[in-house]
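# Breakdown of the fold
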Amino acid sequence: QVQLVESGGGFVQAGGSLRLSCAASGRTFSRYAMGWFRQAPGKERKFVAAISWSGSSTRYGDFEKGRFAISRDTAKNTVYLQMNSLKPEDTAVYYCAADVDPIRTSTRGLDYDYWGQGTQVTVYS
């Protein structure tokens, strides 16, 4: 079992930056691929980024490329999402998720086995 707790969300002006953190419990964190998703009100959940167990492989949604960066610190059991040049359309609840397949960096939510409770990001203009 893995428990995931996101933090770092908040209010930020357009053009600003935030770094989200996802702290994982359990000693098997290093064996999981990790992902970030987001969901805006009234919209479907969308893939943001994913990282393999080793950190050597990453994948991003098209709209994040160049603005967002995913990373992980195995010693701290934490995965991060650095978000730069934020736009009002980035406003959403951001969720981290764990995939027991350590190599797959899936864009599909169905492939992830554990989810956090989410953290709200609000970008104002």
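Remember, it's a predicted structure, so these values are computed and weren't measured experimentally. (Residues numbered from 1 in each chain as written. Predicted model: local features only at pLDDT ≥ 70, side-chain atom pairs only at ≥ 80, totals over all residues. Heavy atoms only, no water.)

### Section: the overall build of the chain
Assigned secondary structure in the chain consists of zero helices and 11 strands. Taken from N to C terminus, the helices and strands of the chain fall in the order β-β-β-β-β-β-β-β-β-β-β. C-alpha extents for the chain along the principal axes are approximately 40 × 25 × 25 Å. Considering only intrachain contacts with a sequence separation of at least 6, the fraction spanning at least 24 residues in the chain is 59%. Carbon and sulfur atoms make up 47% of the accessible area of the chain, which amounts to about 6500 Å² in all. In the chain, the 15 positive side-chain charges and the 11 negative ones have mean positions that sit 3 Å from each other. (Helix = DSSP H or I, 4+ residues; strand = E, 2+ residues; numbered from the N terminus. Contact = heavy atoms within 4.5 Å. Areas by Shrake-Rupley, 256 points an atom, 1.4 Å probe, with all protein chains shown as cover. Lys, Arg positive; Asp, Glu negative; His and termini not counted. Charge placed at Lys NZ, Arg CZ, Asp CG, Glu CD.)

### Points about the environment of Ala75
Looking at where Ala75 falls in the secondary structure, it is placed in the loop between strand 7 (68-73) and strand 8 (78-83). Distance from Ala75 to Leu110, taken between C-alpha atoms, is 27 Å for residues 35 residues apart in sequence.

### With respect to the state of the cysteines
In this structure the tally under the stated criterion is one disulfide. Residue pairing for Cys22: its cysteine sulfur links by disulfide to Cys96, the two sulfurs lying 1.9 Å apart. Here the S-S torsion is close to 45°, and the disulfide linking Cys22 with Cys96 is therefore right-handed. On the criterion of sequence distance, the pair formed by Cys22 in strand 3 (residues 18-24) and Cys96 in strand 9 (residues 92-99) is long-range, its members being 74 residues apart. Its relative accessible area of 0% is what places Cys96 among the buried residues. (Disulfide = S-S within 2.5 Å. Buried < 20%, exposed > 50% of the residue type's maximum accessible area, 1.4 Å probe, protein only.)

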